[in-house]
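Take a look at the letters that make up each chain.
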Amino acid sequence: MFGNKEKIEREFTKYKNKALEFINHQQKTNELMTQATTKVNEKQNSLGDAFGKIELLIELIKAYSKGDYRNISKSTLATVIGAILYFVSPIDMIPDFIIGLGIVDDAAVIGYAIKKISGELDEFEKWKSKSNLEGLGAEAGQSKNPLE
């Protein structure tokens, strides 16, 4: 089942379409990110490599929602929010209550989404790294702008 790309794609498309309802609704998006963060923390040990990827997707949406990062297409926003919606949904291809398997489909969908948006996700990671470095410089008493 997990090798069945068409089934994953079909299931994911349902959530991506629902994600369009969240793009311009900051409160709904913030509530979703809170749910996702809670589930990530609860399932951290069983997520394996997907843990860091899901965290990155959550950080991207939070940065977009706060207005800090806007270099992202609406399609990518829908892809990320759709993947997160799928992740937080207890009823999906393999319901989360099935111990040992319930998280496997979530990881497969997250991986699928990441492949679709890898270019824009790489750009976000670069922006995030640069922002963190600038923040460290400001904390050390240095200006973020070298001309100031």
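See the structure shown above.
On a predicted model such as this, the values are computed, not experimentally measured, just so you know. (Residues numbered from 1 in each chain as written. Predicted model: local features only at pLDDT ≥ 70, side-chain atom pairs only at ≥ 80, totals over all residues. Heavy atoms only, no water.)

## Considering a positive patch on the surface
Inference 1: Among the surface-exposed residues, Lys5, Lys53, Lys115 and Lys116 lie close enough to one another that they form a single positively charged patch.
Inference 2: Examined against the element boundaries, lysine 5 turns out to sit in helix α1 (residues 5-19). (Patch = residues over 30% accessible without salt bridge, like charges linked within 9 Å, V, L, I, M, F, W, Y side chains within 5 Å. Areas by Shrake-Rupley, 256 points an atom, 1.4 Å probe, with all protein chains shown as cover. Salt bridge = Lys/Arg side-chain N within 4 Å of Asp/Glu carboxyl O. Lys, Arg positive; Asp, Glu negative; His and termini not counted. Charge placed at Lys NZ, Arg CZ, Asp CG, Glu CD. Helix = DSSP H or I, 4+ residues; strand = E, 2+ residues; numbered from the N terminus.)

## What about the environment of isoleucine 23?
Inference 1: Within the fold, isoleucine 23 resides in the loop between α1 and α2 (26-47).
Inference 2: Accessibility expressed as a relative area gives 12% for isoleucine 23, which makes it buried.
Inference 3: Linking isoleucine 23 and alanine 78, residues 55 residues apart in sequence, is a C-alpha distance of 7.2 Å. (Buried < 20%, exposed > 50% of the residue type's maximum accessible area, 1.4 Å probe, protein only.)

## With respect to α1
Inference 1: Taking 1.5 Å per residue, 15 residues should reach 21 Å; α1 reaches 20 Å between its end C-alpha atoms and fits that length.
Inference 2: Regarding α1, the residues found buried are Ile8, Glu11, Phe12, Tyr15 and Ala19.
Inference 3: For α1, the elements touching its buried residues are α4 (74-88) and α5 (104-116). (Expected span 1.5 Å × (residues − 1). Contact = heavy atoms within 4.5 Å.)

## Observations concerning the pattern of salt bridges
Inference 1: A complete count under the given rule lists 4 salt bridges for this structure.
Inference 2: Across the pair glutamate 21 and lysine 28 runs a salt bridge whose closest N-O atoms are separated by 3.6 Å.
Inference 3: Given the relative accessible area of 38%, glutamate 21 is considered partly exposed.
Inference 4: Judged by its relative accessible area of 33%, lysine 28 falls in the partly exposed class.
Inference 5: Between lysine 128 and glutamate 59 there is a salt bridge; the shortest N-O distance is 2.5 Å. On the criterion of sequence distance, the pair formed by lysine 128 in helix α6 (residues 118-139) and glutamate 59 in helix α3 (residues 50-66) is long-range, its members being 69 residues apart.
Inference 6: A relative accessible area of 25% means that lysine 128 is categorised as partly exposed.
Inference 7: Here glutamate 59 falls in the partly exposed class, since its relative accessible area comes to 31%.

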